[in-house]
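Fold and geometry: a report
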Amino acid sequence: MEEFLGRFLTDFAGAASTSMTVLGDRLGLYQAMTGAGPLSAADLAKTTGLHPRLVTEWLAVQTVSEYVVHDSAAGTYELPDAHAAVLSMVDSPAYVIGAADIIAGQYLAMSDLEQAFRTDGALDYSAQHPCVFSGIERFFRTAYVHQIAESWFPAVPGLVERLERGARVADVGCGHGVADLLVGTTWPASTVTGFDAHEPSVAQARAKAIEAGSPGNVSFRVADADGIGPGPYDVVVFFDSLHDLGDPPAALRRAHEVLAEGGLLVAVEPWSTDRLEDSVGSPVARIDFAASTALCTPGSLAQPGRYGLGTQGGPAKRLALLTEAGFREVELAADTGFNLVFAATK
Ligand SMILES: C[S@@+](CC[C@H](N)C(=O)[O-])C[C@H]1O[C@@H](n2cnc3c(N)ncnc32)[C@H](O)[C@@H]1O
């Protein structure tokens, strides 16, 4: 009992301090401490224009959580660069603070989730709090910036060569379109069309494209996964979206339809194991299963098809779905411990 109580309290501490992480992020406290060296609470409150008493209390949470280093003799607080790389340095490969907003969304959706549990299991993706969509964009962006060109796509035989030569790419469930703009600018000879059923996300993606100088080879359209097209495409990608769909089999069949002969399908999914017992104690699995229960699975159950694949469940299930949709050379091309990259050929 004491062993479990200890773990349980640690989880409470994580949940409690994560709400303070969201605050630090939204109020610019981590940004203000980045590279600033030792600061007093009064300095930080002055720099950020925030209430000095609350800033002092927030710094105390950061200190006991070992996010910042406190020098009690000097009365100062410092955010080490190694911590800033996770909390505030947007282009760092470890910048994962966006996930805190996804977790905040889970608590904000609590009464809707209770309702879903008590009724048909459905909670539409669009009913989630906006912090979820921006959290997803920021959390996934780090992986896209540091993994797509460096590891994910090179793991798929022939993909990079095709993109360099010029390929027609369709992205299903593109969200705010960060991955598409990256693919479009990294491989300018290729064209990328992002599709998403969530209109506000497509509007956000278009706004991001304008911010990025409106590259002519990247565009976004509102469409359901089983209605993308017209094609033909050389590559169809699903970036962390296959498990969110109401009907993944129908979406994969549609992808097969709109792909040119010999075309490639790439699906990037959150890391998971085929056997639940192989994920026991894994922080990645704990985070992803919670997101699956609060966001992805009820979102899928709210759509025609109600497939509920879930964020987890392992590679075997996904490989089988690709084969059932008619694809060949179906493989798990990469396992990064955070993501699984599936590839298949028409
Ligand atoms: C977890 S988000 C990933 C977004 C984006 N790929 C990214 O990586 O940032 C999943 C996306 O799938 C979209 N989606 C869910 N069901 C869909 C469907 N049936 N058709 C098209 N898009 C869908 C959601 O609107 C959401 O933007």
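Note: the structure precedes this text.
Structure report, in brief. A quick note: this is a predicted structure, and the numbers were derived from the prediction, not measured. (Residues numbered from 1 in each chain as written. Predicted model: local features only at pLDDT ≥ 70, side-chain atom pairs only at ≥ 80, totals over all residues. Heavy atoms only, no water.)

1. With respect to the sheet that holds strand 9 (residues 339-345)
Read from one edge of the open sheet, seven strands run 5-4-3-6-7-9-8, paired in mixed fashion. The sheet is open, and its two borders are formed by strand 5 (218-222) and strand 8 (328-335), each paired with just one other strand. On average, each strand axis in the sheet is inclined to that of its neighbour by 20°, with strand direction left out of account. Sheet analysis places strand 4 (residues 191-196) next to strand 5, joined by five bridges and oriented parallel. The residue of strand 5 that forms the bridge with Val-192 is Val-218. Sheet strands touched by helix 8 (residues 130-152): strand 6 (233-239), strand 7 (259-270) and strand 9. Its angle to strand 6, the strand with the most contacts, is close to 135°. (Pairing = 2+ DSSP bridges. Helix = DSSP H or I, 4+ residues; strand = E, 2+ residues; numbered from the N terminus. Axes fitted to C-alpha atoms, helices over the stretch in contact; angles between N-to-C directions. Contact = heavy atoms within 4.5 Å.)

2. Re the pattern of salt bridges
Scanning the model with the defined rule gives 15 salt bridges in all. Among the salt bridges present, the one from Arg-286 reaches Asp-11, with a minimum N-O distance of 2.7 Å. With Arg-286 in helix 13 (residues 283-301) and Asp-11 in helix 1 (residues 2-26), this residue pair connects regions lying 275 residues apart in the sequence. The exposure class assigned to Asp-11 is partly exposed, which follows from its relative accessible area of 33%. Across the pair Arg-141 and Asp-91 runs a salt bridge, and its minimum N-O distance is 3.0 Å. Note that Arg-141 is positioned in helix 8 and Asp-91 in the loop between helix 5 (81-87) and helix 6 (98-108), a separation of 50 residues in sequence. A relative accessible area of 25% places Arg-141 in the partly exposed class. It is possible to trace a salt-bridge network through shared partners that takes in Asp-25, Arg-26, Asp-101 and Arg-138. (Salt bridge = Lys/Arg side-chain N within 4 Å of Asp/Glu carboxyl O. Buried < 20%, exposed > 50% of the residue type's maximum accessible area, 1.4 Å probe, protein only.)

3. Things to note about the pairing of strand 8
Alignment of strand 8 against strand 9, held across five bridges, turns out to be antiparallel. Following the sheet pairing, Ala-334 is matched in strand 9 by Val-341. What sits between the antiparallel neighbours strand 8 and strand 9 is a turn of three residues, in which Gly-337 has the positive phi angle 85°.

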